[in-house]
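Survey of secondary and tertiary structure
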Amino acid sequence: MNRQNRAPLSALIKHLCIALILLCSFQIHAVEMPLTSPLKKIFPTASHTDPADKDLAILPVYRLNQLEGYAFHTAELAPVRGYGGKPIDIMIGLDPKGRYTGFATIDHHEPIFLKGNGPSKLEQYMAQLIGAPASDRIYIRGDNQATLKGGENSVYIDGISSATVTTHAINKTITRAARAAARAKELAGYSSPTRYLPKTDLFESLSLQQLLDRGLVKHWPIYAPQIESAKQAKQLGYPSQPIAMNDQPPLTEFYLAYMSHPLVSKNLLSDSAFSRWNKEITGSTTTNSATANNDQYLLLLSRGQLPSDNLSSIFTIQQRGMNVVSNRADFSPYADQLKAPLGNVEHIELIKIPTVASYDPTARTNLIFSARPTTKLKESYQLPKQYFNKIQATAPQDSPLWHQLWQQRQFQIAILLLGLVLLTVLFVMQHSLASKSTLFHRIRWGYLAFTLGFIGFYAQGQLSIVNVLTLQHLFLDGTSLDLFLLDPITCILWCYVLVSLVIFGRGLYCGWLCPFGALQEFAGWLAKRLQIKPLQIKRPWHQRLQKLKYLLFGSIVIVSFYSLALAEQLAELEPFKTVTTLFFQREWSYVLYALVLLLVAMKIHKVYCRYVCPLGAGLAILGAIPIFNWLTRRAECGTPCQSCRRQCEIDAIAVTGDIDMKECIQCLECVVIYQDPKLCAIDVATVKKQRLYDKRQQQLLIAKAD
């Protein structure tokens with residue numbers, strides 16, 4: 001071939017090569033996914049991700065053709081609620097050897113990290129784990145080492161002051177999610193948990209009723225009275241009770257079938273559909289085999305009235321207190337191949353549960369049906385173990401997070417319990433102790449120092465209206481109360497306060513156990529030492545200002561039903577986090593607000609407690625009428641004696657001598673006056689003689705009238 005003929009051929013080959021390169025480039029970019037900002041932070045040298053494993057909620061990340069690692073969200077794989085009451089969502093990176101490569105905070109509601117340099121502290125805290133294996137247990141330096149079972153498979157990191165509950169929740173969600181991802185991707189050194197695989201040699205022809213009788217298919221009828229009963233129970237705060245249906249037709253019916261067991265799927269599908277199912281869905285070519293790819297499938301069918309056609313939005317599957325990670329799969333090719341009587345159902349959804357979910361079909365499973373936005377019904381479901389083969393795991397099982405936290409704070413718990421026992425004894429013996437005024441005042445100031453120093457600054461036991469909001473939403477969401485147990489100091493204090501409200505009233509907490517209340521009293525003590533003259537609010541204005549805290553309490557609670565985040569912002573009226581939790585290390589506006597309250601408290605005794613505190617208002621409502629009236633009064637209190645009223649710095653004693661238990665902080669100063677004849681100006685003997693004389697005079701007047 002001559003040179004002139006070669007030139008067009010060479011140009012043609014050149015253009016074909018360019019076109020092929022462009023086509024390949026287009027195909028590569030068609031399947032590769034660009035990196036998002038969090039992924040770039042976790043894998044800075046990576047180029048793209050592969051969406052192939054998106055159903056597992058685990059994204060493989062590549063640098064050109066080299067696998068850099070895997071990225072996933074903790075909220076999808078192992079949601080753990082923190083102190084804010086919501087799951088903490090963190091994107092985690094693991095390299096192919098199962099080591100942490102980085103962390104990116106996606107979403108959280110932890111109060112301590114929402115303001116100021118909190119987010120950067122959170123990132124710095126998690127960065128300590130980079131390079132550590134996901135198989136290691138995470139421990140915080142300074143925790144009670146006697147209760148920890150560390151060793152060579154442990155990593156110790158620095159904690160964050162005043163964020164004990166949040167950091168432990170972060171540790172829990174990180175380790176759970178990372179180990180689940182490592183097991184799902186079969187990384188070296190990560191064993192799978194105990195699994196139950198279907199027995200493949202038990203097939204027999206069974207009708208739907210026989211499947212139901214053997215517990216292989218779950219039938220859940222729901223009746224209208226059940227929904228109404230659950231709604232009323234939610235409103236009144238008690239568990240819903242079983243209701244007899246008396247053969248009335250159900251409002252809705254659900255069927256749940258574990259399709260990964262061939263005994264179920266082969267009896268529900270036609271022969272041709274079952275063969276296709278094994279080949280296309282389970283990845284098996286044999287007719288009697290378990291799921292080859294380790295994913296599990298549940299078939300959810302329903303008929304009747306439903307609030308939504310999307311079953312996954314109203315039907316939730318839970319195990320071990322958490323929602324099971326799942327995705328919707330396409331069942332349309334098999335929908336018309338279901339055997340009677342399931343062939344006439346109205347709604348069908350195939351639920352795919354990936355390996356990462358560690359779903360155990362033989363364990364107790366809770367089915368949650370959202371009949372209405374705030375009304376949920378629950379039913380249990382569990383497959384018989386005799387239809388499965390058990391594969392034993394070697395990986396240790398983690399104890400509940402709250403259990404670990406209680407073990408690690410045994411010393412603080414012991415000191416707190418001892419302090420509460422002493423306070424209870426003091427209140428029971430208040431009259432005998434108050435008779436020795438010098439000793440009593442020393443005990444009171446010593447206990448206030450214990451409250452401020454140990455309960456407040458050291459143990460972080462300052463109760464807050466935020467605790468009430470969190471507990472309220474746990475009840476509304478029907479969620480486990482494990483979150484309430486995460487902080488043992490707060491949990492013990494709340495239990496003690498709720499009991500003491502019934503016996504002593506609000507004052508036991510507000511006057512003795514509130515760290516910020518104690519700090520205000522020390523501010524008042526300092527003002528007296530500096531000879532700062534106190535300002536007494538006139539009675540009419542005092543009564544008007546008292547109503548402010550009730551207005552603030554009601555507003556925060558009402559707003560919380562609309563937006564918990566907005567309610568938490570309003571709860572910043574409490575200076576507790578600024579003072580006792582963050583030690584004044586916040587933005588200047590919050591610090592200024594807290595300092596102004598303390599400065600005003602030097603002029604107006606406990607001004608925040610009396611007029612602003614929403615938590616105090618809530619406790620006042622609950623403890624308005626205690627069972628026992630410990631603060632004894634005389635008939636002469638108020639008429640003519642005004643000694644107690646003039647000495648009451650909180651101004652909770654009326655001119656008539658009556659004590660307003662909603663406002664009283666039970667400083668017990670009136671009891672000290674009552675027990676001291678030098679302070680109580682009533683001559684008891686003279687009063688008795690006067691009463692006897694008045695009674696005789698009244699009898700003489702009656703006799704004359706007759």
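Reference entry: report on the structure contained in this document. No experiment lies behind these values; they were computed from the predicted model shown.

**With respect to the overall build of the protein**
For the protein, the count of helices and strands is 28 helices and 18 strands. Sorting the 706 residues of the protein into buried and exposed places 47% on the buried side. Element-wise, carbon and sulfur atoms account for 58% of the exposed surface of the protein, whose accessible area totals about 35,500 Å².

**A look at the nonpolar core**
Among the nonpolar cores identified, the biggest contains 65 residues, and Tyr509, Leu513 and Phe516 are the most heavily contacted of them. Looking at this core, the element that brings in the most residues is helix α17 (residues 488–503), giving seven residues. Leaving out residues up to four positions away in the same chain, Phe516 has contacts with Gln462, Pro575, Phe576, Val579, Leu597, Leu598 and Tyr608. Within the second largest apolar cluster, 55 residues are counted, among which are Ala257, Tyr258, Leu311 and Leu338.

**Structural notes on the sheet that holds strand β15 (residues 347–353)**
Spatially, the five strands line up as an open sheet ordered β9-β10-β11-β15-β14, and their pairing is antiparallel. Two strands in the sheet have a free side with no partner beyond their single neighbour: β9 (217–222) and β14 (327–329). Across this sheet, the average inter-strand angle for adjacent strands is 25 degrees, counted without regard to direction. Across three bridges, β14 lies against β15 in antiparallel orientation. Its bridge partner being in β15, Ala329 is matched across the sheet by Leu350.

**Some words on the side chain of Ser370**
Within the element layout of this structure, Ser370 appears in strand β16 (residues 365–372). In contact with Ser370, not counting residues within four places along its chain, are Pro307, Ile314, Thr375 and Lys376.

What counts as what
- Residues numbered from 1 in each chain as written.
- Predicted model: local features only at pLDDT ≥ 70, side-chain atom pairs only at ≥ 80, totals over all residues.
- Heavy atoms only, no water.
- Helix = DSSP H or I, 4+ residues; strand = E, 2+ residues; numbered from the N terminus.
- Buried < 20%, exposed > 50% of the residue type's maximum accessible area, 1.4 Å probe, protein only.
- Areas by Shrake-Rupley, 256 points an atom, 1.4 Å probe, with all protein chains shown as cover.
- Core = buried A, V, L, I, M, F, W, Y, C linked by side-chain atoms within 4.5 Å.
- Contact = heavy atoms within 4.5 Å.
- Pairing = 2+ DSSP bridges.
- Axes fitted to C-alpha atoms, helices over the stretch in contact; angles between N-to-C directions.

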